[in-house]
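# Examination of the molecular architecture
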Amino acid sequence: MRSFMRCIVGAICVLSAASVPRAAAQCGFDWRLANAMTQVDGPIYAAVVFNDGTGEALFVGGDFDNAGGSPAANLAKWNGTSWSAVGGGVNGVVRALAVHNGALAVGGQFSMAGMVPANNVALWNGVAFSALSTGTSAMVRALASFGGALVAGGEFASAGGVTVNYVARWNGAAWSDMAGGMSAMGVGATPIVRALAAFSGELIAGGGFTIAGGVPVNYIARWNGTSWLPLGSGMDQAVHALGLLGADLVAGGAFNFSSGVYTSHVARWNGSFWSAFGLGRPAEVSALSVFNGALIAGGGFTGLGPNGADSLARWNGATWDPLGAGVDDRVDALAAFDDELIAGGAFLMAGGSPSAYFARWGPAIGVLPDITQPPASQTICPGATAQFSVTATGSAPLSYQWRKDGMNIPGATAATYEIATAQTSNNGQYDVVVTNPCGMDISDPATLEVSTDPTITQHPVNTITTTGDNLTLVVLVNASSPTFQWRLDGINLTDSAVINGATTNVLFIRPVDLTHAGNYDVVVTSAGCTVISSTATVNVTPGIPNNNPPTPNPNPMDPCAIGLCAPMNLGGLSMAMMGLAWWRRRTRSRRTIRRR
């Protein structure tokens, strides 16, 4: 699955996916040469990928009259090869685009959308425009879909006749205030909202404000659904763009410090604190995106990083690099579409060639990796082998790196990753990063669950017994509907005249003889998993034989008959015979006494 980022200027970048076949060859990246079919005649300020019912396409907004040589009033659609108009466009500049509830939300400074009166904000459903009540009182600069509502930010004080102070939400029927909106204090501070983004279950707003909902926030704030809160101690100047890089929020703007840390125009928030990206930038960042796994920054800067990137730069994890020969002027919009990075702005040249206001960066030749069969989730028994595999296409050579819970697994660099004798410590989320000279693709995660059922809580114990005695062995387990099979020296036992419970958790043998000595264990099975208990060694010692067994009908008064004599030999005379002689003598004595 080809992963890339959909981005809109001043709003969130959202992971999406697409796959477009290309001829296989060695791969490199460069700027795509422009022609009359790829040009627009004015600056582009916003871009987003949207499906209007005819397939995904790139929609751009700005301050232009024509796209690809055809009329397109400030709003146009790029299908990967050509431009087309969008419902007659709007009669003023477009500053923000977002996808909301299956429609394209358009924001800016205009009064008509197609033939529909619409003040600064409108919705396009692929067929027609619709207004959102009476719109806003001034320019909309940012849009985002959040919590089922469309949130707008900008320079307006009211929306739909309601005082909202530069940020408002549309619930499908009316506009409403968000805890009093924004205000500003300090030199150079203005309450304009320039960027909106969803992050970690909250809405993030950036701009020129210093107070949100009455709370000091310093140019960036988070909305938890009921109130505005700060992110650290905020910035020292305005925030112009927001995006995501992995699990972190990225902010770009005119600021130099974030919560007291020198970050110079672009910073990363991990949910707890701000940190910087490399060296400083000589001018502000106004657009952010992620393409081919790397953070892309656009703006009005020059000479960024050791290789001197102008207006457009890529963060390689350690430094900022240019994209080829770059562009010659400001970049205000970035988006990923059709395996290409799209840049829009005020520039006229890209990669040293004419490419007015719109430029495309992508593989010059070759095919990006595309995962066609991701690894599958699995539940296995303890000690079994877990195996994950992936199928991917793209220009050779393809390289693989498996990860567990987002961390690289050392040595796991083949299309298949195997865990022999898996245990519960191996449980987690596994994915694979596939790369080639063109770029990378990341699979959906697969879950590994090593079952804990059954678990033996008490093993059978070693026992010493004597022939003729009883033998009891017990196993206790934690399991659902377990089955048992006792074994002696590895051979399954079966119930018989002397063996009971061969397939239960209690094995009982009565009476024991010498053949019952040996090593006992029990095989426990539950939920398709099997465990074997530890071995219990049973030693059987022979009992002392009885040389004079009792007669079939013993005298009940015979002490041997009632167990008062032992089958032992003493000097050749059995204790049984001695006892009998004693009994007879005693009987005769009693008879003599009675006669007397």
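Heads up: the structure comes first, above all this text.
In what follows, the accompanying structure is described. (Residues numbered from 1 in each chain as written. Predicted model: local features only at pLDDT ≥ 70, side-chain atom pairs only at ≥ 80, totals over all residues. Heavy atoms only, no water.)

This part covers the state of the cysteines. Taken as a whole and assessed by the stated rule, the structure comprises 1 disulfide. Note that C381 is cross-linked by a disulfide to C529, the S-S spacing being 2.0 Å. Because the sign of the S-S torsion sets the handedness, a value of about -85° for the bond joining C381 and C529 places this disulfide among the left-handed ones. Taken as a pair, C381 in the loop between β45 (378-380) and β46 (386-389) and C529 in strand β63 (residues 529-532) lie far apart in primary sequence, 148 residues in all. Among the residues examined, C381 registers a relative accessible area of 18% and is labelled buried. (Disulfide = S-S within 2.5 Å. Helix = DSSP H or I, 4+ residues; strand = E, 2+ residues; numbered from the N terminus. Buried < 20%, exposed > 50% of the residue type's maximum accessible area, 1.4 Å probe, protein only.)

Our next topic: the environment of S200. Here S200 shows up in the loop between β23 (193-199) and β24 (202-207). For S200, a relative accessible area of 64% puts it in the exposed group. Separated by 71 residues in sequence, S200 and G271 have C-alpha atoms that sit 8.2 Å apart.

Our focus in this paragraph is the packing of aromatic side chains. Between two aromatic rings, the relevant description is the distance of the centres plus the angle of the planes. Taken as a whole and judged by the stated rule, the model has 17 aromatic pairs. One cation-aromatic arrangement involves R95 over Y45; the distance from NZ or CZ to the ring centre is 3.9 Å. (Phe/Tyr/Trp six-rings, centres within 6.5 Å; stacked < 30°, edge-to-face > 60°. Lys NZ or Arg CZ within 6 Å of the ring centre and 35° of its normal.)

Turning to the sheet that holds strand β60 (residues 499-500), a few remarks are in order. Judged by pairing direction, the sheet is antiparallel, and its 3 strands sit side by side in the order β56-β61-β60 without closing on themselves. Two strands lie at the open edges of the sheet, namely β56 (471-474) and β60, each paired on one side alone. Relative to strand β61 (residues 506-509), β56 is paired through 4 bridges, and the arrangement is antiparallel. Bridged to L471 within β61 is I509. (Pairing = 2+ DSSP bridges.)

Further remarks concern the sheet that holds strand β35 (residues 285-291). Strand order across the open sheet formed by 4 strands is β35-β36-β37-β38, with antiparallel pairing between neighbours. With partners counted over all chains shown, the strands left at the sheet margins are β35 and β38 (320-322), one partner each. The average angle at which neighbouring strand axes cross in this sheet is 30°, direction not considered. Where β35 and strand β36 (residues 294-299) come together, 6 bridges link them in antiparallel fashion. Counterpart to F291 in the pairing with β36 is A294. (Axes fitted to C-alpha atoms, helices over the stretch in contact; angles between N-to-C directions.)

Keep in mind these numbers describe shape, not what the thing actually does.
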